[in-house]
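Take a look at the letters that make up each chain.
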Amino acid sequence: MKIETIKYRKERKMRLIIVRHGDPNYEIDSLTEKGWREAEFLSVRMEKQLQKEHTYIYTSPLGRAKDTASLTLKKLGMTATEFKWLREFEAPAIDEDTGTYKVCWDLLPARWTSEPAYYDKDQWMNTPFMKRAKADTESAWVYDGLDSLLKKAWIYKREWLLSCRACKQGYDCAVFAIWGVECVMLGHLLGISPVVLWHGTAAAPSSVTTLYTEERREGIASFRMQSFGDLSHLYAADEPASFAARFCETYDNKEERHD
């Protein structure tokens, strides 16, 4: 996909908000006690930040994302649209270094940094590991789903949009998602390989990533990311960030994740 050729309705501007689920309890596909606190602090922020009459909310079908969204939805008195393509990015394969199954965002640095294709937004899915994982099929599903969401949102209630040209507030699309899929979405919108995002960034649980549309040519919109992985709602409540998004800082620290 070439970003410069995406055409949307010019009547409105859009703010796209991608929220990662709160601190997860993977065993029951929900949230830990800390995760529920994070979701509550997040909902206070979202209630202030989102305008109910100008907001559309979407969520992954996974419990940890829906539970995170539930507190925001309750405060806003809204319901969310659930999309199957927002579930976990399911593309594991046998890793040559370990001989075990690995997900796409869990490759050793020495492996992915040595292959130039991993840095290419159009070729990352064609490496041997990604082919075994069928990442091309999985990513195409996410790309198509995101494009469909944005196009439908852009023309949603078109008569109202046209009659309110003078309104300046625009509207919001809030997506409660999973880390693996979030990076694929961002890569698609910004023209970046998700492999670089998966391994080089960390959006902690309950974090908020915000993008805005820009229309520098009439009728053609592109996205600019204003903030990534923002946790100000946690800092305001004196709640520490979860370590769940990261790996060990030092190899001999057995209390941190080493997988």
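Model, not experiment: these values are computed from the prediction. (Residues numbered from 1 in each chain as written. Predicted model: local features only at pLDDT ≥ 70, side-chain atom pairs only at ≥ 80, totals over all residues. Heavy atoms only, no water.)

### Observations concerning the overall build of the protein
Turning to step 1, where the next piece is worked out: On a plain count of helices and strands, the protein comes out with 9 helices and 10 strands.
Turning to step 2, where the next piece is worked out: Taking all 259 residues of the protein together, the buried fraction comes to 49%.
Turning to step 3, where the next piece is worked out: When the accessible surface of the protein is totalled, it reaches about 13,000 Å², and 51% of it is carbon and sulfur. (Helix = DSSP H or I, 4+ residues; strand = E, 2+ residues; numbered from the N terminus. Buried < 20%, exposed > 50% of the residue type's maximum accessible area, 1.4 Å probe, protein only. Areas by Shrake-Rupley, 256 points an atom, 1.4 Å probe, with all protein chains shown as cover.)

### Here we look at the pattern of salt bridges
Turning to step 1, where the next piece is worked out: Under the defined criterion, the tally for this structure stands at 17 salt bridges.
Turning to step 2, where the next piece is worked out: Close ionic contact of arginine 64 with glutamate 88 constitutes a salt bridge, the shortest N to O distance being 3.3 Å. Here the residue arginine 64 occupies a position in helix H2 (residues 63-76), and glutamate 88 occupies one in the loop between strand S5 (81-82) and strand S6 (93-94), the gap between them amounting to 24 residues.
Turning to step 3, where the next piece is worked out: A relative accessible area of 7% places arginine 64 in the buried class.
Turning to step 4, where the next piece is worked out: By relative accessible area, which is 17% here, glutamate 88 ends up buried. (Salt bridge = Lys/Arg side-chain N within 4 Å of Asp/Glu carboxyl O.)

### Topic: the sheet that holds strand S10 (residues 220-230)
Turning to step 1, where the next piece is worked out: One open sheet accounts for 6 strands, arranged S5-S4-S8-S1-S9-S10; its pairing is mixed. Unpaired on one side and paired on the other, S5 and S10 mark the two borders of the sheet.
Turning to step 2, where the next piece is worked out: Of the strand pairs in this sheet, strand S1 (residues 14-20) and strand S9 (residues 208-217) are connected by 5 bridges, and their pairing is antiparallel. If you follow isoleucine 17 over to S9, its bridge partner there is threonine 210. (Pairing = 2+ DSSP bridges.)

### Describing unusual backbone geometry
Turning to step 1, where the next piece is worked out: Of note, lysine 134 is a non-glycine position whose phi angle comes to about 60°, a positive value.
Turning to step 2, where the next piece is worked out: The residue lysine 134 is located in the loop between helix H4 (128-133) and helix H5 (135-155) in this model.
Turning to step 3, where the next piece is worked out: With phi around 60°, aspartate 238 is a residue other than glycine that occupies positive phi space.
Turning to step 4, where the next piece is worked out: Positionally, aspartate 238 belongs in the segment after helix H9 (232-236).

### Some details on the pairing of strand S4 (residues 55-59)
Turning to step 1, where the next piece is worked out: For S4, a buried count of 5 out of 5 residues is recorded, marking the element as mostly surrounded by other parts of the structure.
Turning to step 2, where the next piece is worked out: By the alternation rule, side chains of S4 split into Thr55, Ile57 and Thr59 and Tyr56 and Tyr58, which are all buried.
Turning to step 3, where the next piece is worked out: Direction of pairing for S4 relative to strand S8 (residues 171-177): parallel, over a ladder of 5 bridges. Bridging across to S8, threonine 55 finds its partner in aspartate 172.
Turning to step 4, where the next piece is worked out: Note that S4 and S5 share 2 bridges and pair parallel. Within S5, the residue paired with tyrosine 58 across the bridge is threonine 81.
Turning to step 5, where the next piece is worked out: Once the chain exits S4 it traverses H2 before rejoining the sheet at S5, and the crossover so formed is right-handed. (Right-handed = clockwise from strand over helix to strand, strands pointing away.)

### So, the environment of aspartate 144
Turning to step 1, where the next piece is worked out: Structurally, aspartate 144 is set in helix H5.
Turning to step 2, where the next piece is worked out: Aspartate 144 sits in the exposed class, given a relative accessible area of 52%.
Turning to step 3, where the next piece is worked out: A C-alpha to C-alpha distance of 9.0 Å links aspartate 144 and tryptophan 85, two positions 59 residues apart in sequence.

### So, the packing of aromatic side chains
Where two aromatic rings form a pair, the distance of their centres and the angle of their planes describe that pair.
Turning to step 1, where the next piece is worked out: One pass over the full model with this rule turns up 6 aromatic pairs.
Turning to step 2, where the next piece is worked out: Arranged with centres 5.5 Å apart and planes meeting at 55°, the rings of phenylalanine 89 and tryptophan 198 form a pair that is tilted. Linking phenylalanine 89 in the loop between S5 and S6 with tryptophan 198 in helix H8 (residues 194-200), this pair joins segments that are 109 residues apart in sequence.
Turning to step 3, where the next piece is worked out: Aromatic side chains tryptophan 124 and tryptophan 198 sit 5.7 Å apart centroid to centroid with 90° between the ring planes, which places their arrangement in the edge-to-face category. With tryptophan 124 in the loop between helix H3 (109-112) and H4 and tryptophan 198 in helix H8, the pair connects residues that are 74 residues apart, well separated along the chain. Across this residue pair, the class does not change: tryptophan 124 and tryptophan 198 are buried.
Turning to step 4, where the next piece is worked out: A network of ring pairs unites the aromatic residues Phe89, Trp105, Trp124 and Trp198 as a single cluster. (Phe/Tyr/Trp six-rings, centres within 6.5 Å; stacked < 30°, edge-to-face > 60°.)

### Side note on the nonpolar core
Turning to step 1, where the next piece is worked out: Within the largest apolar cluster, 43 residues are counted, with the highest numbers of intra-cluster contacts made by Phe89, Cys104, Trp124, Met130, Met185 and Trp198.
Turning to step 2, where the next piece is worked out: If one sorts the elements of this core by residue count, helix H7 (residues 179-190) sits on top with 7 residues.
Turning to step 3, where the next piece is worked out: Setting aside residues up to four positions removed in sequence, methionine 130 forms contacts with Cys104, Leu107, Tyr118, Trp124, Met125, Ala135, Val195 and Trp198.
Turning to step 4, where the next piece is worked out: Ranked by size, the runner-up nonpolar core spans 13 residues in total, among them Ile17, Val19, Met46 and Leu50. (Core = buried A, V, L, I, M, F, W, Y, C linked by side-chain atoms within 4.5 Å. Contact = heavy atoms within 4.5 Å.)

### Things to note about the packing of helix H1 (residues 33-49) against H2
Each pair of packed helices can be described by the angle between their axes along with the distance between the axes.
Turning to step 1, where the next piece is worked out: Running from N to C, H1 and H2 cross one another at 35°; their axes reach a closest spacing of 8 Å. Between H1 and H2 the crossing geometry is right-handed. Contact residues: Trp36, Ala39, Glu40, Leu42, Ser43, Val44, Met46 and Glu47 in H1; Asp67, Thr68, Ser70, Leu71, Thr72, Lys75 and Leu76 in H2.
Turning to step 2, where the next piece is worked out: Of the residues in the contact of H1 with H2, the class split is 7 nonpolar, 4 polar and 4 charged. (Axes fitted to C-alpha atoms, helices over the stretch in contact; angles between N-to-C directions. Left-handed = near helix turned anticlockwise from the far one by under 90°. Nonpolar A, V, L, I, M, F, W, Y, C, P; charged D, E, K, R; others polar.)

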